[in-house]
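The chain contents come next:
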Amino acid sequence: MPLLVAIVDDDEAVRVSLRRLCSAYGLTPRTFASVRQLLDSMEERRPDCLILDAQMPELGAIEAQEQLRERGIDIPAIIITGRDDEELRARSMSSGAAAFLCKPIDADVLMTAIDDAINRVPGEPRD
Amino acid sequence: MRALQLATAVPYVNSPSAPQRIARVGSQFVLIAVAYYLGARLGLGLRFQDSQMGVVWPPNGVLLAALLLTPRSRWWTVLLAGAVAHVAAMYPVTPAWRWVWQIAANSAMTVAAAEALRRFVGMPLRFDSVRQVLVYTATAFVATGLCALMLPAFVRSLFGLEPGYSPRVSLPAVMLANTTGMLLVTPVIVLWAQRGVRGLKELAARHLLEGTAILLSLLAVGALAFGSGPGVAQFPPLLIWIFPPLLWAAVRLGPVGSATALFFVAALSALGMARHVGPFIMPTEAEQVLSLQLFWIALSLPILLLAAVIRERERAEDTLHDLRHQLAHATRVATAGELSGAFAHELRQPLTAILANAQAGIRLLTHQPAKHHEVREILEDIARHDRQAAEVIARLRSFVLEGKSSFDTVEVETLVRDALTLSRSTVELSQVEVQAQICAGLPPVRGDPVQLLQVVLNLIVNACESMLAVPAAERRLRLGAAPLGEEQVEVVIADCGVGLPAGHEDRVFEPFYTTKAKGLGLGLAVGRSIAAAHGGRLWAENNPQRGATFHLALGAHNGNGKHAAAGRHRRRR
C-alpha cells in the first residue's frame, strides 16, 4: 500500500505542486490548507508522514506537532519553510521534527527526508 | 609610434572645417559691427545739438555683451568689428584723432569690464543671483567711471578745449551714458543670445502671452507717461504705473523678461525725450540728460535684483525638492532592505511550486504510458508561477527605483491595498491580523504614488514590528480610510503594540529617532516630510488601551482639476 503523505501549507501553489511531486514518486498525497483541516481528517486514515509549512495563519508546524502529541499521535513530520532562519530551524528540530527543509525543495532531498522519517526507528535520536 | 599612428589615424569628430570657422567668425564680425553701428547712430541721435553729451551710449553695451559671449581668443574680432563700426558711424563728422582716441578708450573699458566679470562673477552671466547683479552693476560703474576719465570729452574739457560744457558736467554725463548702456543693453543681448533661437521656439505659449501683455502694458503707460506734454507727463503718479508691468516681468519672466521690459521702457522714454515730450524735459540739457539717466538706473537695478532674488529662491526650492526626493528614495531602499526577508519568502513560494512541478513533470514523462495531459497542466502552472515571481520582483523594483517624482491622481483605496500587498509577507510573518475599513466613494488625492505608498507601507511595517512583543493572538492592525472634513482624506493605521513614548508622541517623527536595533530612524521623519510636501499632515497618538494610531491626512482632489491644499512643485525653466 503506497505511503500516505499529508501536505499542510496555506499556499495553494505549493500544495498542488508537492502533491504532484509525491504522486510522481509513487506516494499517496493528501493536501490540507491548515492544521485544523489536518486534525479534522485524523479520524480517517492517519498519514504515514507529514509535510508541514513552518508558518501558517492559525497554527504553524511546531504548534501542530504539539497538538498531535497531546492527542497521542506520533507521526514523523518534515517542516518546510520559505524563511532560512537558524532560530526557527533549532526550534523545529527541538520540537521533534524529522527534517527542516528550506523552499524551494529538491525532489531527491524531499524523498530522502520522507524515507528517513518513515524508516526512523522509534526512540532513535534524530540528527 | 603605434599610439602616435592611432592619434593621427582617427580625426577628431565634429570639429568645424577651416571654411566653416571662417564663415562663423565672419558672420559674428558682421553682426557685431552692424549692432555697434546702429547703437552708435542711436547714441548720436540722442545727443543734443552741437554737444558731445548724449543720454546713452549703446555701442559699449553691445561691445561688452559681445566680449562676454565670445571666447577670449576671439576678442580681437569683436574689438576690430567695433572699431570698424565706430569709424563708419563717426566719419566724417568726427575727426580721425577723436575716433581713434574713443576706440582705444572704449576698447580698454569693455575689455577690463569683461575680464573683471569673468573673474569675479564667472560665466555664463545670467543675472539670476543677487551677487551677479550687484557685481555686474559695480563693474559697470567702475569701468565706465574710469573710461570717462580717459575719453576725449572729459580730458579735453579739463583744458577748456571742449566748448559748451565743463568737466564737472561732462564727467558724470559721459560716465552715466556708458553705465546706462551697460545696464540696459548688455543684459538683454547676453540673456537672449544665451537663450538662442531654439530657446525662443521652446518658450511656453503662456510665457509668450505674458511677455506680450507686459510689453503692451508698458507701451500704453509709456505712451502716456513719456509721450505727453508737460502738463500731463509731469503728473508724478503717472510714472508709478510703469512699475506694475516691470514687477510682473521680474516675478513671472525672470531676468530675461526684466531686462527686455527695462530696455523697452528705456526706448520709450528716450523716444519721448527725443521728441521733446514727457516728464524729462528740463530747463537745461544737462538736467534732462541726468534726470533720464538716473531714472533708468533707479529703475533697472531694483527690477534686476528682484528677478535675481526670485530666481535664487526658485533654485533653492528646486534643490530642496531634489534633496527631499533623494532622501525619500534612500529611505525606500532602506525599507526594502528591511523587507528583504519578507520579499525572499514571497519569492520562494512560486519558486517552490516551479521546482516541484518541474521535477514532477520530468518523473511523469518516464511513466508508461507518459501522462502528457498532466505534464501539460504542470507546464502551464510553471509558466503562471514564473509570472507571479516576476510580479513580486517588479513590485519591489518599482518601489525601490528612484524614478522621477511626478504628481498624479491617486486612489486612496488602491494606495492602501498596494501597501498591504507589499507588506503581506511581513504581516504574515509577524502573525498580525489585518482589518481594513475603507469608505466607499473616497475622493482621490493628488500626489506622487510611490512616495505616498512609501509612507503607508512604512507605517504598516512599523505597526507590525511594534506588536512583536505582544502575544500573537492579540496582534491586530486596523487600516482605515475615510473623508476628513470636506477637503481631505485620512488614512488611519492603528496597532496594538508597545505604543509611543508617553507625553512625547511627536518625538518619533524626529530624524534618527528609532527604537529598532537596526533602523535608520528616518522613516517617519521622511514620511512627515512627504506628507507636508503633499499639503497634508502625518501625526500620531497613543490608543486609550494599548498601541498607537497614526493619521495621514491628504488633500482631496476634486473633479474640476483643483486640489485642496495639495503641495505642488513645478521645475522652473
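Look a little higher up for the structure.
Below is a short write-up of the structure. Just so it is clear, the model here is predicted, and its values are computed rather than measured.

Parameters and conventions
- Residues numbered from 1 in each chain as written.
- Chains lettered and ligands numbered in written order.
- Predicted model: local features only at pLDDT ≥ 70, side-chain atom pairs only at ≥ 80, totals over all residues.
- Heavy atoms only, no water.
- Core = buried A, V, L, I, M, F, W, Y, C linked by side-chain atoms within 4.5 Å.
- Buried < 20%, exposed > 50% of the residue type's maximum accessible area, 1.4 Å probe, protein only.
- Helix = DSSP H or I, 4+ residues; strand = E, 2+ residues; numbered from the N terminus.
- Contact = heavy atoms within 4.5 Å.
- Pairing = 2+ DSSP bridges.
- Salt bridge = Lys/Arg side-chain N within 4 Å of Asp/Glu carboxyl O.
- Axes fitted to C-alpha atoms, helices over the stretch in contact; angles between N-to-C directions.
- Buried area = accessible area lost by both parts, 1.4 Å probe.
- Polar contact = N/O pair within 3.5 Å; in protein donor to acceptor, adjacent residues only side chain to side chain.
- Expected span 1.5 Å × (residues − 1).
- Right-handed = clockwise from strand over helix to strand, strands pointing away.

With respect to the nonpolar core
Residue and element names in this part refer to chain B.
1) Next: Of all hydrophobic cores here, the largest spans 81 residues; its most connected members are Phe226, Leu246, Phe295 and Trp296.
2) Next: Top element by residues in this core is helix α13 (residues 243–274). It accounts for 13 residues.
3) Next: Those residues in contact with leucine 246 that sit more than four places away from it in its chain are Leu218, Ala261, Leu262, Val265, Leu299 and Ile303.
4) Next: In this structure, Phe343, Leu415, Leu453 and Leu479 belong to the second largest nonpolar core, which totals 49 residues.

Let's talk about the environment of Leu184(B)
Residue and element names in this part refer to chain B.
1) Next: Along the chain, leucine 184 falls in helix α8 (residues 167–184).
2) Next: The sequence separation of leucine 184 and alanine 267 amounts to 83 residues, and the corresponding C-alpha distance is 9.6 Å.
3) Next: Residue contacts for leucine 184: discarding those within four places in its chain leaves Leu262, Phe263, Ala266, Trp296 and Ser300.

Some points on the pairing of strand β7 (residues 548–555) of chain B
All names here are of chain B.
1) Next: With respect to burial, β7 is a largely interior element, eight of its eight residues being buried.
2) Next: Alternating positions in β7 separate into two faces, Ala548, Phe550, Leu552 and Leu554 on one and Thr549, His551, Ala553 and Gly555 on the other, with burial throughout.
3) Next: Across seven bridges, the pairing between strand β5 (residues 488–494) and β7 is antiparallel. Bridge pairing in β7 places valine 489 opposite leucine 554.

Overview of the pattern of salt bridges
Residues and elements named next belong to chain A.
1) Next: Under the criterion given, the structure shown has 18 salt bridges over all chains.
2) Next: Between lysine 103 and aspartate 9 there is a salt bridge, and its shortest N-O distance comes to 3.0 Å. With a gap of 94 residues between them, lysine 103 in the loop between β5 (99–102) and α5 (107–119) and aspartate 9 in the loop between β1 (4–8) and α1 (12–24) connect regions that are remote in the sequence. Aspartate 9 shares its class with lysine 103; the two are buried.

Brief notes about the sheet that holds strand β2 (residues 28–32) of chain A
All names here are of chain A.
1) Next: Taking strand neighbours across the sheet as the criterion, the five strands line up as β2-β1-β3-β4-β5 in an open arrangement whose pairing is parallel. Single-partner strands in this sheet number two, and they are β2 and β5. Along the sheet, successive strands turn relative to each other by an average axial angle of 20 degrees, direction set aside.
2) Next: Of the strand pairs in this sheet, strand β4 (residues 77–81) and β5 are connected by four bridges, and their pairing is parallel. Each bridged residue has a counterpart across the sheet, and for isoleucine 79 the counterpart in β5 is phenylalanine 100.
3) Next: Set on the sheet, α1 makes contact with β1, β2, β3 (49–53) and β4; between it and β2 the angle comes to about 170 degrees.
4) Next: Along the sheet, helix α4 (residues 86–94) makes contact with β4 and β5, crossing β5 at roughly 150 degrees.

Topic: the interface of chain B and chain A
1) Next: Taken together, the contacts link 20 residues of chain B with 21 residues of chain A.
2) Next: Together, the buried faces of chain B and chain A total about 1,900 Å²; carbon and sulfur atoms form 55% of this surface.
3) Next: Three residues stand out in chain B for area buried against chain A, namely Arg348(B), Gln349(B) and Thr352(B), and they jointly supply 28% of the buried area on that side.
4) Next: Run the count over chain B and chain A and you get two salt bridges.
5) Next: Residue Glu377(B) pairs with Arg20(A) through a salt bridge whose shortest N-O separation is 3.9 Å.
6) Next: Our count for the contact surface shared by chain B and chain A stands at nine residue pairs in polar contact (both at pLDDT 80 or more).
7) Next: Among the elements of the structure, α15 (340–365) and α16 (372–400) of chain B are those that each provide at least two residues to the side of chain B that touches chain A.
8) Next: No other element matches the 13 residues that α15(B) contributes to the side of chain B that touches chain A.

Topic: α16(B)
1) Next: Its 29 residues place the ends of α16(B) 42 Å apart at the C-alpha level, agreeing with the 42 Å of an ideal helix rising 1.5 Å per residue.
2) Next: Val375(B), Ile378(B), Asp381(B), Ile382(B), His385(B), Ala389(B), Val392(B) and Phe399(B) are the residues of α16(B) that are buried.
3) Next: Residues of α16(B) that are buried in the fold lie against α1 of chain A together with α14 (285–338), α15, α17 (412–422) and α19 (449–466) of chain B.

Side note on the pairing of β3(A)
Residue and element names in this part refer to chain A.
1) Next: The element β3 is extensively covered by neighbouring structure, given that five of its five residues are classed as buried.
2) Next: Residue alternation in β3 divides its side chains into two sets, Cys49, Ile51 and Asp53 and Leu50 and Leu52, and both sets are buried.
3) Next: Bridge count between β1 and β3: four bridges; the pairing is parallel. Counterpart to valine 5 in the pairing with β3 is cysteine 49.
4) Next: In this structure, β3 lies alongside β4, joined through four bridges in parallel fashion. Bridge assignment links isoleucine 51 to a residue of β4, and that residue is isoleucine 78.
5) Next: Tracing the backbone out of β3, into helix α3 (residues 61–70) and back to the parallel element β4 gives a crossover that is right-handed.

Regarding unusual backbone geometry
1) Next: Geometrically, the link from Lys103(A) to Pro104(A) is a cis peptide bond, its omega value of -10 degrees lying close to zero.
2) Next: Tracing the sequence through the fold places Pro104(A) in the loop between β5 and α5.
3) Next: The omega torsion of the bond from Met123(B) to Pro124(B) falls at -5 degrees, within 30 degrees of zero and hence cis.
4) Next: Looking at the secondary structure, you find Pro124(B) in the loop between α5 (96–120) and α6 (130–150).
5) Next: Despite not being glycine, Phe127(B) shows a phi value in the positive range, around 55 degrees.
6) Next: Looking at the element boundaries, Phe127(B) is found in the loop between α5 and α6.
7) Next: Here the phi dihedral of Gln431(B) falls at roughly 55 degrees; this positive angle occurs in a residue that is not glycine.

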